Amino acid sequence: MCGKAEKNIPVATLLIGFLLCLCAHCAKGVGVQTPPEAIGEVLARETPALLSVPGVVGTGQGLCDGRPCIYVYVCAMTPEARSRIPAVLDGYRVVVKETGEIEGL
Amino acid sequence: MKNLFRVDRRVALITLLCLFSAALLSGGIWYLRPGGAEAGITKESVVTVTGGAELDETNPGIAAAMSLRARYHDTLMTLPHVLGTAVGLTAGAKPAIFVLTKEAPQPGLIPESLEGTPVVAIVTGEIAAMPASAAVNPAGYFARPVPTGVSTGNIGECLAGTISARVKDAHGKVYALSNNHVFALENQAAAGSLVVQPGVYDTSCKVVAADAIGTLTAYAPIHFATGTTNTIDCAIALSDTSRLGNATPQGGYGKPASATVSARIGQAVQKYGRTTALTTGQVQAINATVQVSYSTGTAIFVNQIVVFSVGAFIQPGDSGSLLVTNNSAANPVGLLFAGNSAGTYAIANPIGPVLAAFSVTIDGK
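As the structure is a computational prediction, the values presented were derived from the model and not from experiment.

Draft legend 1. Inspection of the overall build of chain B at higher detail. Of regular secondary structure, chain B possesses six helices and 19 strands. Counting across all 365 residues of chain B, residues that qualify as buried make up 50%. As displayed, chain B has an accessible area near 15900 Å², and 57% of this comes from carbon and sulfur atoms.

Draft legend 2. Just the overall build of chain A, in detail. Scanning chain A for helices and strands turns up three helices and five strands. Beginning at the N terminus, the succession of helices and strands in chain A can be written as α-α-β-β-α-β-β-β. By residue count, 36% of the 105 residues in chain A fall in the buried class. Sequence separation of 24 or more characterises 56% of the internal contacts of chain A that already satisfy a separation of 6 or more. Here chain A displays about 5800 Å² of accessible surface, and carbon together with sulfur accounts for 59% of that area.

Draft legend 3. Broad picture of the side chain of Ser193(B). With respect to the helices, strands and loops of the structure, Ser193(B) is situated in the loop between α5 (180-183) and β9 (194-196). Not counting residues within four places of it along the chain, the set of residues in contact with Ser193(B) comprises Asn154(B), Gly214(B), Thr215(B) and Leu216(B).

Draft legend 4. Helix α6 (residues 351-358) of chain B, seen in detail. All names here are of chain B. Those residues of α6 that fall on the buried side of the exposure criterion are Ile-351, Val-354, Leu-355 and Phe-358. For α6, the angular spread of buried residues about the axis comes to 90 degrees, placing them on one side. The first or second residue beyond α6 is Ser-359, which carries a positive phi of 50 degrees.

Draft legend 5. Focus on unusual backbone geometry. All names here are of chain B. Each neighbour pair has its own omega, and for Arg-144 with Pro-145 the value is -5 degrees, a cis peptide bond. Of note, Pro-145 is situated in the loop between β4 (117-123) and β5 (151-154). With an omega dihedral of 0 degrees, the bond running from Gln-197 to Pro-198 counts as a cis peptide bond. Relative to the elements of secondary structure, Pro-198 occurs in the loop between β9 and β10 (212-219).

Draft legend 6. View of the interface of chain A and chain B. Between chain A and chain B, the residue contacts involve 23 residues of the former and 28 residues of the latter. Across the chain A/chain B interface, buried area totals approximately 2000 Å², and carbon plus sulfur atoms make up 55% of it. For chain A, the biggest contributors to the area lost against chain B are Gln61(A), Ile102(A) and Leu105(A); these three give 38% of the whole. At the boundary of chain A and chain B, one finds 13 residue pairs in polar contact (both at pLDDT 80 or more). Elements with a minimum of two residues in the side of chain A that touches chain B: α2 (39-51), β1 (56-64), β2 (67-74), β4 (92-98) and β5 (103-104) of chain A. A total of eight residues in the side of chain A that touches chain B trace back to one element, the largest contributor, which is β1(A). Residue classes in the side of chain A that touches chain B are distributed as ten nonpolar, nine polar and four charged.

Draft legend 7. Up close: the sheet that holds strand β8 (residues 174-178) of chain B. All names here are of chain B. With antiparallel pairing, eight strands are arranged side by side in an open sheet as β6-β5-β9-β10-β12-β8-β7-β19. Strands at the two margins of the open sheet, each flanked by one partner only, are β6 (161-162) and β19 (361-362). Where β10 lies against strand β12 (residues 235-239), four bridges are found, and the strand directions are antiparallel. Bridge assignment links Ala-218 to a residue of β12, and that residue is Ile-236.

About the criteria used
Residues numbered from 1 in each chain as written. Chains lettered and ligands numbered in written order. Predicted model: local features only at pLDDT ≥ 70, side-chain atom pairs only at ≥ 80, totals over all residues. Heavy atoms only, no water. Helix = DSSP H or I, 4+ residues; strand = E, 2+ residues; numbered from the N terminus. Buried < 20%, exposed > 50% of the residue type's maximum accessible area, 1.4 Å probe, protein only. Areas by Shrake-Rupley, 256 points an atom, 1.4 Å probe, with all protein chains shown as cover. Contact = heavy atoms within 4.5 Å. Arc of directions from axis to C-beta. Buried area = accessible area lost by both parts, 1.4 Å probe. Polar contact = N/O pair within 3.5 Å; in protein donor to acceptor, adjacent residues only side chain to side chain. Nonpolar A, V, L, I, M, F, W, Y, C, P; charged D, E, K, R; others polar. Pairing = 2+ DSSP bridges.

Here it is, written out as structure tokens:
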């Protein structure tokens, strides 16, 4: 179910990713603006879209450098996951963690 | 003056038993000691001469030896290398005073007899407190009442999970808590079916009804259908305090607190479970939504706790482990049920909704 992470990411994908990040930074002003909405609400609203990205197995609320941030857990880091998971959501930093599949143990 | 040497019989018996156990625990020395009249006294010969009968202080010979030992104990303890005294039997089955020594005594140092009762020197070597046993295997069988944090499961399937905790209801009834997928087999087990310790997987898939510690009382169904979400994967089995204890085995955190706390990001946590025993980690995220794979299918869980650890925090068989704070209070935080294959990410239900589902509380300290 959980595919292996692709090792060779095309340069174009990286470039697009980089540009997307840059755009996100410009638009949201990371670390400058105070997020207008509570993180719980952002998470609740954005989680269905995030879970629809192939490979995403979960989301959660954490702390990054003392500030609330959003964790996105992925089965494997695929180019699709890379390009479709934003770096920032409504002012909250998004951190992607590769966990593999989550199973009942 | 004589009264000073009078020892209460119970105290004497306890001393005797302690010293005797210490001598036994010192292990093998009885067999190894070369030469000497007492070299013939082995654990076997003691058993042989008594013909399997157990002698206690009601035996007049033993009682006499005990009072003699009590009177001479202080004097004997002043001799070089003497570590203790006890009462036992000689190779010829006569009640005797045992003098435990660190090394072989000088000939003639220890009298051969005291007031007609034989004295036997036993070289035990240094006697130290035994280190805590490292051999506790949470996957094995435990004497009743069983500890928490050890192997369990429904009798209907070859699997093993972990007993989370002992919980109690308003009427004082006690239950074993674990996951639905451990006790209720992902909604498939019948109410009243047996819950065993160890889980059937740990008896080589052999079903042993005598291993029962309770019967399945209730479970929170896991919803697998698309569009449905879950918060808890839990079940309880009716038990009693003669079959179910409320502390982990030695080497664990012991009894959890009865008072629960909410998970906080960055909180230091620990768990004791069937496969990896005691491990520690940190709450990385709360309010988590996680897609969890079961044998039946995939289920979405919301409002979960994500625990991260650099090493394996959880492995298959640890499901059901209670997540508690990593301090002496050991306040319950969550009920562990899932994780990744490396065991570095673990998912726990918040403990509040778990307990509320059955109207129970943690039966801890």
